[in-house]
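Single-letter residue listing:
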Amino acid sequence: MPSLAQDQTLQPPDLALLSDLARGLKQPLFLAVERFYPVVFSLALRRTRDFSASERHADAVLRSVLAKLLAGQILSEHFVRATDALLDNSIRQDGQPAAAESSGAGESLHSLHGAKKLQRRRAVVDAVYALPLDQFLAIVLRYHAGWQADAMAGIVADTIDSVQDALAAGHRAAVSALQGGG
Amino acid sequence: MECSQFQNRLPLVMSGSGADGERNLLADHATGCAPCRRTLQDWEEAQRSLETALSAGRIDPRKMRSMAETLYAERFGTAIEVGGRGGPLPGPPILAGRGALVLAGAGLGLVIGYMMWGQGGGGGQLNQQLMWTQMYATGAWGPGGRGAGWWLPGFLTMGGSVARDLFGLCLVIWLCRTRLWGLLFPLALPRGIQLGRLLALPLLVAGLLRILGIAFVVPSLATMGGMGGGMWNGGMDFTGVFLLVDAAWRYGFWLFLFVLIFSTVENLTLLHLKTTESAGYSNKYTQSSDRAALPS
């Protein structure tokens, strides 16, 4: 079975959601925004490493791609590819280099203990950005969007077990970074 | 619990996939085992770091709802534009199932109806008579006097078939659901009903004028000797106005019907789709409890 992170395809429930959205039904539109906004945000975050910029990109890209779907300009099967292309374009147009905001570079150092803690946290965050796409999505969707593993099925991986594996691998990488940075 | 078991289960438990109480078992083991305690502390610190780093600026559900509302309003109009009480009506669906049959039947009925009765029938005799009068008239409106109205009879005669063909084209485009329909009629469905309301008043005026014209012109023509006779030799302006009123009534009436029938049929189709949607909605997309929380 396919997943968004693995081969840019969606599973039947998500495709059905997008098809119903394209038919102009209201509830699927709300669901799709709820479902895909965190995903697009995570994809943007992976490329920009900037929370506010990612929010801006996710907003613009999802709005645009859903409007195209509603207008019948793209098919639901092409949703992921269109989103990816629009995201690329949006980030390129913005011309913003990868920022260090998310790794806490802006935080002030109050003490030696604080500095050490901050350094370890940075190491963890840097490790997260270095994760493969499925693990990165799993971690961001878990901690930023508050999703459980079952909600990530179809996005991060095809089955819940695979999602849990991706989450565990992400955590393992974070622990390794912590031990390395400590 | 063995240390190896602890090491195997820790990643899964920390990822939230362990059984209830398993975390307590891990904690119990870590209490009595220094290396495992250290490992557990590392994992907990990593989790806290991730929470701290990634929970900043969490996605606001209100923002997502607002985005969906905006997108919907941009595409299909808002409750204010529609003037309805229950929020904006759903947009036009793609033809499917029984709705498609109803829709196609209504479209076919409209075409057949127009082909049978759309060309005037017996009521067209008066028009024909007036057109002949107009054709051979002299004066400001007639071709004999080379006035401005020389084109009017031909235009009105052709206008009927042009309008019929245009309706036919629109019908086909509408049934085909191409984007061309949106370009031709940039009106959302509920606004189509409003358009019908707007059309109603001028249509009523045109219809009343036409009835008055018929009541006045027919007896006068009969009395004054018919085509080209009597007072109507010098009354070409009135004839021209009557023809225009008649044309306005005919075309306006068909436009009115067109808008109302299509809007009604589309609403029925939407109602059908909406009912189907509500029935199977709860378990259609949801794979988890997270996704079961739907906005109303």
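Predicted, not measured: the structure shown is a model, and the values here were computed from it.

**Section: the overall build of chain A**
Logical step 1: On a plain count of helices and strands, chain A comes out with 9 helices and 0 strands.
Logical step 2: Tracing chain A from N to C terminus, the helices and strands come up as α-α-α-α-α-α-α-α-α.
Logical step 3: The buried share of chain A, taken over its 182 residues, is 53%.
Logical step 4: Counted over contacts in chain A with a minimum sequence separation of 6, partners at least 24 positions apart contribute 61%.

**Some details on the nonpolar core**
Residue and element names in this part refer to chain A.
Logical step 1: Val 33, Val 40, Val 124, Met 152, Val 156 and Ala 174 are the most contacted members of the largest nonpolar core, which has 80 residues in total.
Logical step 2: Here this core takes 13 residues from helix α3 (residues 26–48), the largest share from any one element.
Logical step 3: Once you skip the residues sitting within four places of it in the chain, Met 152 turns out to touch Ala 138, Leu 141, Trp 147 and Val 163.

**Thoughts on the confidence of the model for chain A**
Detailed conclusions should not be drawn from predicted coordinates in areas where pLDDT is low.
Logical step 1: Taken over all residues, the pLDDT of chain A has a mean of 82, while the share at 70 or more is 87%.
Logical step 2: Considering only residues more than four positions removed or in separate chains, one finds that residues 99–109 of chain A, a stretch of pLDDT under 50, has 23 contacts.

**Overview of the confidence of the model for chain B**
All names here are of chain B.
Logical step 1: Mean pLDDT over chain B works out to 64, with 39% of the residues at or above the 70 mark.
Logical step 2: Under a pLDDT of 50 for its full length, residues 78–95 has, in the predicted model, 44 contacts with residues more than four places off or in other chains.
Logical step 3: Overall, residues 277–283 carries pLDDT values under 50, and its contacts beyond four positions in sequence, including any with other chains, amount to 2 contacts.

**Side note on helix α1 (residues 3–14) of chain B**
Logical step 1: Counted at 1.5 Å a residue, the expected span for α1 of chain B with its 12 residues is 16 Å, and the 16 Å between its end C-alpha atoms agrees.
Logical step 2: A positive backbone phi angle near 90° is found at Gly 16 of chain B, which sits one or two residues after α1 of chain B.

About the criteria used
Residues numbered from 1 in each chain as written. Chains lettered and ligands numbered in written order. Predicted model: local features only at pLDDT ≥ 70, side-chain atom pairs only at ≥ 80, totals over all residues. Helix = DSSP H or I, 4+ residues; strand = E, 2+ residues; numbered from the N terminus. Buried ≥ 20, exposed ≤ 12 C-beta atoms within 10 Å, placed from the backbone. Contact = placed C-beta atoms within 7 Å. Core = buried A, V, L, I, M, F, W, Y, C linked by C-beta atoms within 7 Å. pLDDT = per-residue confidence, 0-100. Expected span 1.5 Å × (residues − 1).

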